[in-house]
Amino acid sequence: MLGWAMLATGAVAPAWGAPDEPPQTTRAAEDLWTGDFAALDSRNAALRESGAMTAEGRPELMMFRNGIRNVIGHQAKPREPYIRELEELTLQWTRQYPQSALAHILNARVLVEHGWSYRGGSFASKVSPQQMVQFERYLRQALEYLKMHGEVALTDSYAHLTLLEIGRALGFQRKHMESIVQDGLKRNPRDMELYFEVGTSLLPKWGGDAQALDKYIRQVATQTRSQYGAGMYGWMYSSAALGQYQHGLFKDTLAEWPLIQQGYEDILERYPDAVGRRNRYAYFACMAQDKATLQEQLAKIGTGLKISEWGDNGERSLEGCQRLANEI
C-alpha cells in the first residue's frame, strides 16, 4: 500500500482534510495514499454517474479529483523517490485493472507531475534548458501513454482533462484543445472542469489574451445556459481572476460586470447556501465599485466571511471593501 511505500522513502503521511475541505477531497486523498484503488475506482464511477454537486455548487467529482491532486502533487522531500513510488504504484494498477480508465489516467497524471517537478512554478525564462528537456520528455511520455491506451482511458473525461493540461503546457492549438473538450463532453456532459482548463490556457501567462478569453467564456456561457443560466460566465471569470488577473480583472479583461452579476445571481438561486460563492460575489461587486450590491451581499453574508474568496491578501482586500460599503 502507498502509505507503507512512502515511509520507505522518508515521506510522512500528511493530515488530509482541512477544516473547510469537502469530504470527497479528503476521502480521495486518503484512499490514494493508502493504496485503496478499488475504493477510488468505485467512487470515481459513482460520482461520474450521479453528477452530484456540493452546497457551494461545485461538482463533487471535481472535489474528488482535488484529493487525487493533493497526493500526486504532495511536496515530499526528497521529491524524486516519492514520484517514482507513485509511478510504480499506478503502473501496477494498470496491470491489475487493465480495463479501468482511472488506472491509466492516474499513471499519466503521475508522469505529468514528474515533468512539473523539473519545470517548477517559475517563469519559463528562469528554468534551465536541461530542466525544460526533462519537463517536455515526461509530458510527451504521458501524452503517448494516453494515446496508446486511449480505447480504455478516453471513456472517462478525466483523461480529456489530463490531455488539456498536457496541451496547455506543450502549446496545443486552440482548435485542438476545443476538440478535446467536445470529445470529453460526449463522455460526461457535466464535466465543467474541461471548460475551465481551456480558459486557463487562454490566460496571457500561457500565451493567450483578453480577447480570446472573453470570446471563449461567452461561447461556454451560451453552450451551458440551459444547465447553469449565466453562471458559467461568472464562474469562468472568477477562475481567470484567481489564475492571473486578481484585482485587475475589470481593468485588464473584457469582463462585463452586469453579466458577472447575473451569473452570480443565477448561481445563488440554484445554490442559496453557497457562502463561499456569495463572498466571491461581494468581492466582484467591490472590484466593480457597485456599492449597493456590495452592501446587500455583505448583509447577507453576516458572520460567514471567507477571507480566501477576497483575492490576494484577502484580509486587506476585505477591509478596503468594507470601507467602501460604509462610505456615506
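This is a predicted model, so every value here is computed, not measured. (Residues numbered from 1 in each chain as written. Predicted model: local features only at pLDDT ≥ 70, side-chain atom pairs only at ≥ 80, totals over all residues. Heavy atoms only, no water.)

Quick look at the overall build of the protein chain now. Looking only at helices and strands, the protein chain has 19 helices and zero strands in total. Taken against the 2.2 N^0.38 rule, which gives 20 Å for 328 residues, the C-alpha radius of gyration of the protein chain at 20 Å falls within 12% of a compact globule. Referenced to the eigenvectors of the C-alpha coordinate spread, the extents of the protein chain come out at roughly 65 × 40 × 40 Å. Within the protein chain, the fraction of its 328 residues that count as buried is 52%. Of the contacts formed within the protein chain by residues at least 6 apart in sequence, a portion of 65% connects residues at least 24 apart. Counting every atom, the protein chain has about 15,300 Å² of accessible surface; 52% of that belongs to carbon and sulfur. Positive and negative side-chain charges in the protein chain, numbering 36 and 39 respectively, have mean positions lying 4 Å apart. (Helix = DSSP H or I, 4+ residues; strand = E, 2+ residues; numbered from the N terminus. Rg over C-alpha atoms; globule rule 2.2 N^0.38 Å. Buried < 20%, exposed > 50% of the residue type's maximum accessible area, 1.4 Å probe, protein only. Contact = heavy atoms within 4.5 Å. Areas by Shrake-Rupley, 256 points an atom, 1.4 Å probe, with all protein chains shown as cover. Lys, Arg positive; Asp, Glu negative; His and termini not counted. Charge placed at Lys NZ, Arg CZ, Asp CG, Glu CD.)

Direction vectors running N to C along helix α6 (residues 101–119) and helix α9 (residues 157–170) enclose 20°, while the axes themselves pass 10 Å from each other. On the basis of their axis angle, the class for α6 and α9 is roughly parallel. The handedness of the crossing between α6 and α9 comes out as left-handed. Where α6 abuts α9, its residues Leu102, Ile105, Ala108, Arg109, Val112 and Trp116 lie against Tyr158, Ala159, Thr162, Glu165, Ile166 and Ala169. Its residues assigned to classes, the contact of α6 with α9 comprises nine nonpolar, one polar and two charged. (Axes fitted to C-alpha atoms, helices over the stretch in contact; angles between N-to-C directions. Parallel < 35°, antiparallel > 145°, perpendicular 65-115°, else oblique. Left-handed = near helix turned anticlockwise from the far one by under 90°. Nonpolar A, V, L, I, M, F, W, Y, C, P; charged D, E, K, R; others polar.)

The next thing to look at is the pattern of salt bridges. Summed over the entire model, instances satisfying the criterion amount to 18 salt bridges. For Arg48, the salt bridge goes to Asp156, with nearest N and O atoms at 3.6 Å. Placement of Arg48 in helix α3 (residues 37–50) and of Asp156 in the loop between α8 (150–153) and α9 is noted, with a sequence separation of 108 residues between them. Taking relative accessible area as the criterion, Arg48 reaches 24% and is therefore assigned partly exposed. Look at Asp156 and you get buried, because its relative accessible area is 0%. Via salt bridges that share partners, Arg65, Arg69, Asp191 and Glu193 belong to a single interconnected network. (Salt bridge = Lys/Arg side-chain N within 4 Å of Asp/Glu carboxyl O.)

Inspection of every chain in the model, using the stated rule, returns one disulfide. Paired by a disulfide, Cys286 and Cys321 hold their sulfur atoms 2.1 Å apart. Residues Cys286 and Cys321 are joined through a disulfide that is left-handed, its torsion about the S-S bond being -95°. Of the two residues, Cys286 is situated in helix α17 (residues 275–287) and Cys321 in helix α19 (residues 314–326); the sequence distance between them amounts to 35 residues. Just as Cys286 is buried, Cys321 falls in that class too. (Disulfide = S-S within 2.5 Å.)

This next bit is on α9. Given a rise of 1.5 Å per residue, 14 residues ought to cover 20 Å, and the 20 Å separating the end C-alpha atoms of α9 matches this to within 8%. A large share of α9 lies buried, amounting to 14 of its 14 residues. Two or three places before Tyr158, at the opening of α9, Asp156 has a side-chain oxygen 2.8 Å from that residue's backbone nitrogen. Note on α9: the residue one or two positions beyond its end, Gly171, has a positive phi of about 80°. (Expected span 1.5 Å × (residues − 1). Polar contact = N/O pair within 3.5 Å; in protein donor to acceptor, adjacent residues only side chain to side chain.)

What follows concerns the side chain of Ser238. Residue placement: Ser238 occurs in helix α14 (residues 231–245). For Ser238, the side chain forms a polar contact with the side chain of Arg280, separated by 3.0 Å. Ignoring anything within four residues of it in the chain, the contact list for Ser238 reads Tyr264, Arg280 and Phe284.

With that settled, consider α19. With 13 residues, α19 should cover 18 Å at 1.5 Å per step; its first-to-last C-alpha distance of 18 Å lies within 8% of that length. Taken as a whole, α19 has its buried residues at Gly314, Ser317, Leu318, Cys321, Leu324 and Ala325. End-on, the buried residues of α19 take up no more than an arc of 115°, which puts them together on one face. Projecting away from the buried face of α19 at angles above 90 degrees are the exposed residues Glu315, Arg316, Arg323 and Asn326. Buried residues belonging to α19 abut α17 and α18 (291–301). (Arc of directions from axis to C-beta.)

All told, the structure shown has 15 aromatic pairs when counted by the stated rule. Among the aromatic residues, those joined into a cluster by ring pairs are Phe250, Trp257, Tyr264, Tyr281, Tyr283, Phe284 and Trp310. Taking NZ or CZ as reference, Arg137 lies 4.7 Å from the ring centre of Tyr138, over its face. Of note, Arg168 hangs over the ring of Trp206, and the distance from its end group to the ring centre comes to 4.7 Å. (Phe/Tyr/Trp six-rings, centres within 6.5 Å; stacked < 30°, edge-to-face > 60°. Lys NZ or Arg CZ within 6 Å of the ring centre and 35° of its normal.)

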